[in-house]
Amino acid sequence: NHRVQAFRWGRKAAEMPSIPPEKAAQLSERLHALIDDSGIDTLERMAPIAAGSLYAPPLYHRLTALYLMGDDLPSARKAATALLQATDDPKWISTGNDLMARIRERLAVREGVVGCLLPLTGPFAIYGEAALNGIALGNETLSATHGVSGLEIVIRDTQGSPQETQHALEELVQREKVMAVVGPLSSKTATTAAQKAQELKVPLITLTHKQGIPQMGDMVFRHLLTPPQEIDGLLEGVMGKMGLDRYAILYPDNPYGRFCMHLFQDKLKARGGTLTAVESYDPDQTDFAGPIQRLVHLSPSKPPSVQEKLARLWIPEKEEEALYPEAPQPLIEFDAVFIPDAFQRVAMIAPQLAFYDVLGVRLVGTSPWQSPQLIQLAGEHVQEA
């Protein structure tokens with residue numbers, strides 16, 4: 001395991017005039033294998049021993065590749081230069097020139113220039129515009145509070161398309177020479193961008209909830225919490241700190257709502273909480289009377305045909321009840337209602353919960369709630385949410 005000494009004496013032995021050719025070939029093969037299996041520190045110590053031999057080009061080639069993998073471009077350029085100086089073999093010279101071209105291209109990154117991949121047209125444009133406004137505001141704040149010049153932001157529209165995302169990312173890296181990229185948003189475009197960013201070796205800071213994105217490579221990062229992280233934090237607060245154990249779920253019948261509903265159920269059960277009611281609603285509806293009434297066991301109004309049938313079965317004992325009806329009271333069997341939806345929908349649901357006397361319960365949700373407009377639209381109904 002003394003690699004440097006093994007390399008030193010292996011080279012001497014392989015070059016002895018008296019050694020049989022087949023033995024020299026075996027030694028040479030072992031020395032090449034030793035180069036291929038060594039790390040940067042060992043190769044740097046082996047380099048002076050390899051000088052002037054046929055082992056110098058592969059050694060510097062391996063060293064250049066390792067420095068490139070570690071993103072140490074100055075050291076990679078130094079090793080590639082040593083490769084070109086160590087040989088007159090046309091094949092190795094061609095390899096060295098290719099490496100130098102790659103290094104020059106990566107060294108050409110424009111410091112202070114950041115790419116931005118967001119859906120500015122298409123179905124996700126409203127979210128892309130919001131994220132772009134946040135990035136622009138952050139850039140202005142950086143300049144105002146830290147006294148540094150703002151970054152140059154180069155924006156590309158992904159249109160919510162994986163294909164357009166890949167094309168835009170390649171353009172940002174290869175033509176605009178950005179030093180990093182922020183975005184994109186949706187899970188499909190983020191997956192495509194992560195794969196391409198890892199290939200191009202450009203840092204990518206995604207804005208997606210999709211799980212597993214940072215694990216796709218050392219160039220890929222995330223700026224958001226995932227739904228499991230959000231719900232873990234939410235339950236830690238409402239159960240661990242506030243002591244609320246009974247829950248109802250009111251969720252939109254779409255992929256995000258169903259995913260969060262199941263996730264909340266699983267994590268609530270794991271913590272020993274109680275789920276007393278679950279109701280869904282159409283993501284496009286604005287009247288939530290039915291789902292709310294079912295949550296608290298209030299029967300919705302009977303259809304006209306049913307009312308006519310009951311009228312025909314009228315008996316005198318019901319007269320007093322008809323004259324002095326008692327309003328049905330909600331049966332609230334929960335301490336909090338979990339609503340995994342956007343703030344616009346929550347602003348409509350909260351007042352309707354109050355209308356049906358669903359009072360004294362906490363409203364809890366996920367990050368799409370986060371907007372000052374929720375307070376502007378439904379402030380009195382979301383106190384302590």
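Residues numbered from 1 in each chain as written. Predicted model: local features only at pLDDT ≥ 70, side-chain atom pairs only at ≥ 80, totals over all residues. Heavy atoms only, no water.

Draft legend 1. Inspection of the overall build of the protein chain at higher detail. Looking only at helices and strands, one finds 16 helices and nine strands in the protein chain. Against the globule reference of 21 Å for 385 residues, the protein chain gives a C-alpha radius of gyration of 33 Å, more extended than a compact globule. Burial status across the protein chain gives 41% buried among its 385 residues. Residue pairs in contact within the protein chain that sit at least 24 positions apart in sequence constitute 63% of those at least 6 positions apart. Approximately 22,000 Å² of the protein chain is accessible, and the part contributed by carbon and sulfur atoms is 53%. Of the charged side chains in the protein chain, 36 are positive and 46 negative; the average position of the first set lies 11 Å away from that of the second. (Helix = DSSP H or I, 4+ residues; strand = E, 2+ residues; numbered from the N terminus. Rg over C-alpha atoms; globule rule 2.2 N^0.38 Å. Buried < 20%, exposed > 50% of the residue type's maximum accessible area, 1.4 Å probe, protein only. Contact = heavy atoms within 4.5 Å. Areas by Shrake-Rupley, 256 points an atom, 1.4 Å probe, with all protein chains shown as cover. Lys, Arg positive; Asp, Glu negative; His and termini not counted. Charge placed at Lys NZ, Arg CZ, Asp CG, Glu CD.)

Draft legend 2. Highlighting the layout of surface pockets. The space that makes up the largest pocket amounts to roughly 1,900 Å³. Elements that contribute at least two residues to the lining of the largest pocket include exactly α7 (125-146), α11 (255-270), α15 (343-355) and α16 (372-378). Ranked by the residues each element gives to the lining of the largest pocket, the list is headed by α7, at six residues. In the lining of the largest pocket, the residues fall into 20 nonpolar, 13 polar and four charged. (1 Å grid on protein atoms, 1.4 Å probe; cavity = no way out; pocket = protein on both sides within 12 Å on 5 of 7 lines; lining within 4 Å. Points joined across faces, edges and corners; volume = space filled by probe spheres on them. Nonpolar A, V, L, I, M, F, W, Y, C, P; charged D, E, K, R; others polar.)

Draft legend 3. Structural view of the sheet that holds strand β8 (residues 336-338). Taken in spatial order, the four strands of this open sheet run β7-β6-β8-β9, and their pairing is parallel. In this open sheet, the two strands that pair with only one neighbour each are β7 (274-281) and β9 (362-364). The mean angle between the axes of side-by-side strands here comes to 20°, regardless of whether they run parallel or antiparallel. As paired elements, strand β6 (residues 246-252) and β8 share three bridges and run parallel to each other. The residue of β8 that forms the bridge with Ala-248 is Val-337. Packing of α11 onto the sheet brings it into contact with β6, β7 and β8, and relative to β6 it is tilted by some 165°. (Pairing = 2+ DSSP bridges. Axes fitted to C-alpha atoms, helices over the stretch in contact; angles between N-to-C directions.)

Draft legend 4. Spatial organisation of the packing of aromatic side chains. Applying the stated criterion to the full structure yields five aromatic pairs. Ring centres of Phe-264 and Phe-338 lie 4.2 Å apart, and the angle between their planes is 10°; on these two criteria the pair is classed as stacked. Of this pair, Phe-264 sits in helix α11 while Phe-338 sits in strand β8, placing them 74 residues apart in sequence. Classification of Phe-338 as buried rests on a relative accessible area of 0%. Seen from their ring centres, Tyr-281 and Phe-288 are 5.0 Å apart, and the 85° between their planes marks the pair as edge-to-face. Each member of the pair, Tyr-281 as well as Phe-288, is classed as buried. Through a chain of ring-to-ring contacts, three or more aromatic side chains come together here, namely Tyr-247, Phe-264 and Phe-338. (Phe/Tyr/Trp six-rings, centres within 6.5 Å; stacked < 30°, edge-to-face > 60°.)

Draft legend 5. Structural detail: the nonpolar core. Core analysis: the largest hydrophobic core is formed by 31 residues, its most contacted members being Phe-7, Ile-35, Leu-43, Met-46, Tyr-55, Leu-59 and Tyr-60. In this view, Ile-35 contacts Phe-7, Leu-43, Met-46, Tyr-55, Pro-58, Leu-59 and Arg-62; residues no more than four positions away in its chain are not counted. Counting residues in hydrophobic clusters, the runner-up holds 27 residues, among them Phe-334, Phe-343, Val-358 and Trp-369. (Core = buried A, V, L, I, M, F, W, Y, C linked by side-chain atoms within 4.5 Å.)

Draft legend 6. Representation of helix α5 (residues 73-85) in the model. Under the 1.5 Å per step criterion, the end-to-end length of α5 is 18 Å for 13 residues, consistent within 8% with the ideal 18 Å. Taken together, the buried positions of α5 are Leu-73, Ala-76, Ala-79, Ala-80, Ala-82 and Leu-83. (Expected span 1.5 Å × (residues − 1).)

Draft legend 7. Structural view of the confidence of the model for the protein chain. Averaged over all residues, the pLDDT of the protein chain is 90; the fraction at 70 or higher stands at 92%. β8 holds the highest mean pLDDT among the elements of the protein chain, 98, whereas helix α14 (residues 319-323) holds the lowest, 57. (pLDDT = per-residue confidence, 0-100.)

Draft legend 8. Fine view of a nonpolar patch on the surface. Side chains of Val-109, Leu-151 and Met-179 sit close together on the surface and give an oily, nonpolar patch of about 210 Å² of accessible area. Relative to the elements of secondary structure, Val-109 occurs in the loop between α6 (90-107) and β1 (113-118). (Patch = residues over 30% accessible without salt bridge, like charges linked within 9 Å, V, L, I, M, F, W, Y side chains within 5 Å. Salt bridge = Lys/Arg side-chain N within 4 Å of Asp/Glu carboxyl O.)

Draft legend 9. Quick peek at the pattern of salt bridges. As enumerated under the stated definition, the model contains 15 salt bridges in all. Close ionic contact of Arg-258 with Asp-253 constitutes a salt bridge, the shortest N to O distance being 2.7 Å. A single salt-bridge network, built from bridges that share partners, covers Arg-110, Glu-152, Arg-156, Glu-171, Arg-175 and Glu-176.

Draft legend 10. Main features of the environment of Pro-48. Looking at the secondary structure, you find Pro-48 in helix α3 (residues 40-50). Its relative accessible area of 61% is what places Pro-48 among the exposed residues. Pro-48 sits 40 residues away from Arg-8 along the chain, and the two C-alpha atoms are 9.7 Å apart.

Draft legend 11. Summary view of the sheet that holds strand β2 (residues 152-157). Taken in spatial order, the five strands make up an open sheet running β2-β1-β3-β4-β5, and their pairing is parallel. In the strand order of this sheet, the two ends are held by β2 and β5 (220-222), each with one partner. Averaged over all pairs of adjacent strands, the angle between their axes in this sheet comes to 25°, without regard to strand direction. One ladder, built from three bridges, connects strand β4 (residues 204-206) with β5; its direction is parallel. Paired with Thr-206 across the bridge in β5 is Arg-222. In this fold helix α8 (residues 162-174) packs onto β1, β2 and β3 (180-182), with an angle of close to 175° to the strand it touches most, β1.

Draft legend 12. Structural context of the packing of helix α4 (residues 56-69) against α6. At their nearest, the axes of α4 and α6 sit 11 Å apart, and the two run at 20° to each other. In this view, α4 runs roughly parallel relative to α6, as classed from their interaxial angle. The element α4 and its partner α6 pack so that their crossing is left-handed. Residue-level inspection shows Pro-57, Pro-58, His-61, Thr-64 and Leu-68 of α4 in contact with α6, the latter providing Trp-92, Thr-95, Leu-99, Arg-102, Ile-103 and Arg-106. A class-by-class count of the residues in the contact of α4 with α6 yields six nonpolar, three polar and two charged. (Parallel < 35°, antiparallel > 145°, perpendicular 65-115°, else oblique. Left-handed = near helix turned anticlockwise from the far one by under 90°.)

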